[in-house]
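The lines below spell out each chain.
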Amino acid sequence: MRENDPKVERQKFICGNWKMHGTLEQTRTLLQGILSQWNSEYSDVEVAVFPPFTALMEASRLLQGSAIQLGAQNAYYEDDGAFTGEVSLRMIAELGAGFVILGHSERRTLFCETDELINKKIERSIATGLMPILCVGESLEERERGATDAVVTKQLEHSLAGLTIRHFSRITIAYEPVWAIGTGKTATPAQAQESHAAIRDRIGTLFGRETARDLRILYGGSLKPENAHELLSLPDVDGGLIGGASLKADSFMAIVQAAAQITSQQQA
Ligand code: PGA
């Protein structure tokens, strides 16, 4: 099934990854800003924010009754035990998180997370009732030597090992070229579309065409209001994982608005 098949309807998904930003006061200000700009025209877009662990409870309280969903940026796969400094999937679920970002490149490079560890976290997150967002993407050096496809394929195969088609309705994938994260450099529309289509093809090979057709693949890496419309309009780009531009209500909501506009154009 190809991207221009008229039956393909994947709801756009816009995620704000706050990273290590968000004292309680900043959380209140940002969420109040986002909620005050929310408009019923955005209701066809799925939106979630990912504050740090320490702000999850307050965010959950503030978002109660709103259309905006909550997720965490990471978690450990064991429910509890002697794991000093870790927070479990069960704990974040208890605080109201429905989603969890796993395998972000900052976790892979700065905190030495491997595909094997990420695989355990994905499996356990689904068993815990959460919806994981698996991040994959190549470094600049890997892209320059033509290894993008091989790197992303390995990340997908190893992080998703042992999963079945049944798990897939709960999984989202985020393609985040490492060289575009926080650098102001964005993948060109052609680069983003090519990588997203390759990921969809690979998932099709591993888990079947229907699974691949229904899977949402988000783009991440310097996504901002200025490039949102162009990137989110691409046939295989189903939303965004946004870092820097998610820290201001105006820029985050401008991206949500772009997604809503594209959705209404597609429905017309
Ligand atoms: P960025 O971060 O939008 O600041 O580039 C994206 C991400 O790391 O998820």
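Refer to the structure printed above.
Residues numbered from 1 in each chain as written. Predicted model: local features only at pLDDT ≥ 70, side-chain atom pairs only at ≥ 80, totals over all residues. Heavy atoms only, no water.

This next bit is on helix H10 (residues 225–232). Every buried residue of H10 is listed here: Asn-227, Ala-228, Leu-231 and Leu-232. Taken end-on, H10 shows its buried residues confined to a sector of 125 degrees, consistent with a single buried face. More than 90 degrees from the buried face of H10, the exposed residues found are Glu-226 and Glu-230. Buried residues belonging to H10 abut strand E1 (13–17), helix H8 (189–207), strand E7 (216–220), strand E8 (239–242) and helix H11 (249–267). (Buried < 20%, exposed > 50% of the residue type's maximum accessible area, 1.4 Å probe, protein only. Helix = DSSP H or I, 4+ residues; strand = E, 2+ residues; numbered from the N terminus. Arc of directions from axis to C-beta. Contact = heavy atoms within 4.5 Å.)

It is worth spelling out the sheet that holds strand E2 (residues 46–50) at this point. Neighbouring strands of a sheet are bound in pairs by backbone hydrogen bonds; such pairs are parallel or else antiparallel. Spatially, the 8 strands close up into a barrel ordered E1-E2-E3-E4-E5-E6-E7-E8, and their pairing is parallel. Neighbour-to-neighbour, the strand axes of this sheet turn through a mean angle of 25 degrees, independent of strand direction. Summarising the sheet, strand E5 (residues 131–136) and strand E6 (residues 172–175) pair through 4 bridges and their orientation is parallel. Residue pairing across strands places Ile-133 opposite Thr-172, the latter belonging to E6. (Pairing = 2+ DSSP bridges. Axes fitted to C-alpha atoms, helices over the stretch in contact; angles between N-to-C directions.)

Moving on, we get to the state of the cysteines. Using the criterion set out here, one finds 0 disulfides in the structure. For Cys-112, which is in no disulfide, the shortest distance to another cysteine sulfur is to Cys-135 and amounts to 17 Å. (Disulfide = S-S within 2.5 Å.)

This paragraph deals with the site of the ligand. The immediate surroundings of the ligand are formed by 13 residues, with Lys-19, His-104, Glu-176, Gly-182 and Ser-222 found nearest. At 3.4 Å from an oxygen atom of the ligand is found a side-chain nitrogen or oxygen belonging to Asn-17. One nitrogen or oxygen atom from the side chain of His-104 is found 2.7 Å from an oxygen atom belonging to the ligand. Coverage of the ligand by the protein amounts to 95% of the 280 Å² it exposes when considered alone. A per-class count over the shell around the ligand returns 4 nonpolar, 7 polar and 2 charged. (Near = heavy atom within 4 Å. Polar contact = N/O pair within 3.5 Å; in protein donor to acceptor, adjacent residues only side chain to side chain. Areas by Shrake-Rupley, 256 points an atom, 1.4 Å probe, with all protein chains shown as cover. Nonpolar A, V, L, I, M, F, W, Y, C, P; charged D, E, K, R; others polar.)

Let's shift gears to the pattern of salt bridges. All chains considered together, the criterion is met by 19 salt bridges. A salt bridge links Glu-138 to Arg-143; the shortest N-O distance between them is 2.8 Å. For the pair Glu-138 and Arg-143, one class covers both residues: buried. It is possible to trace a salt-bridge network through shared partners that takes in Arg-10, Arg-200, Asp-236 and Asp-238. (Salt bridge = Lys/Arg side-chain N within 4 Å of Asp/Glu carboxyl O.)

For the rest of this paragraph, the subject is the nonpolar core. Leu-160, Ile-173 and Ile-203 are the most contacted members of the largest nonpolar core, which has 66 residues in total. When residues of this core are assigned to their parent elements, the largest contribution, 9 residues, is made by H11. Setting aside residues no more than four positions away along its own chain, Ile-203 makes contact with Leu-156, Leu-160, Phe-168, Ile-173, Gly-208, Thr-211, Ala-212 and Leu-215. (Core = buried A, V, L, I, M, F, W, Y, C linked by side-chain atoms within 4.5 Å.)

So, about the packing of helix H1 (residues 24–37) against H11. Geometry of a packed helix pair, given as the angle between the helix axes and the separation of the axes. Direction vectors running N to C along H1 and H11 enclose 40 degrees, while the axes themselves pass 9 Å from each other. Viewed along their axes, H1 and H11 adopt a mutual orientation that is oblique. Taken as a pair, H1 and H11 cross one another with a handedness that is right-handed. Where H1 abuts H11, its residues Leu-30, Gly-33, Ile-34 and Gln-37 lie against Ala-249, Asp-250, Phe-252 and Met-253. Its residues assigned to classes, the contact of H1 with H11 comprises 5 nonpolar, 2 polar and 1 charged. (Parallel < 35°, antiparallel > 145°, perpendicular 65-115°, else oblique. Left-handed = near helix turned anticlockwise from the far one by under 90°.)

The subject of this paragraph is unusual backbone geometry. The phi dihedral of Cys-112 is positive, around 55 degrees, even though this residue is not glycine. The topology assignment puts Cys-112 in the loop between helix H4 (105–110) and helix H5 (115–127). At Ser-222, a residue that is not glycine, the phi angle is positive and equals roughly 55 degrees. Within the secondary structure layout, Ser-222 lies in the loop between E7 and H10. Given the relative accessible area of 17%, Ser-222 is considered buried.

Time to look at the packing of aromatic side chains. Overall, the coordinates contain 6 aromatic pairs when judged by the stated rule. Here the aromatic rings of Tyr-76 and Tyr-77 are separated by 4.6 Å at their centres, their planes lie at 35 degrees, and the arrangement is tilted. On the numbers, 5.0 Å between centres and 45 degrees between planes, the contact of Tyr-76 with Phe-83 is tilted. Exposure remark for Tyr-76: the relative accessible area of 15% places this residue in the buried category. Note on Phe-83: relative accessible area 32%, which makes it partly exposed. (Phe/Tyr/Trp six-rings, centres within 6.5 Å; stacked < 30°, edge-to-face > 60°.)

Now for the side chain of Asn-17. With respect to the helices and strands, Asn-17 occurs in strand E1. Among the residues examined, Asn-17 registers a relative accessible area of 5% and is labelled buried. Looking at Asn-17, its side chain comes within polar contact range of the main-chain nitrogen of Lys-19, at 3.1 Å. If we skip the residues at most four places from it in the chain, Asn-17 touches Phe-50, Gln-73, Ile-101, His-104, Leu-241, Ile-242, Gly-243 and Ser-246.

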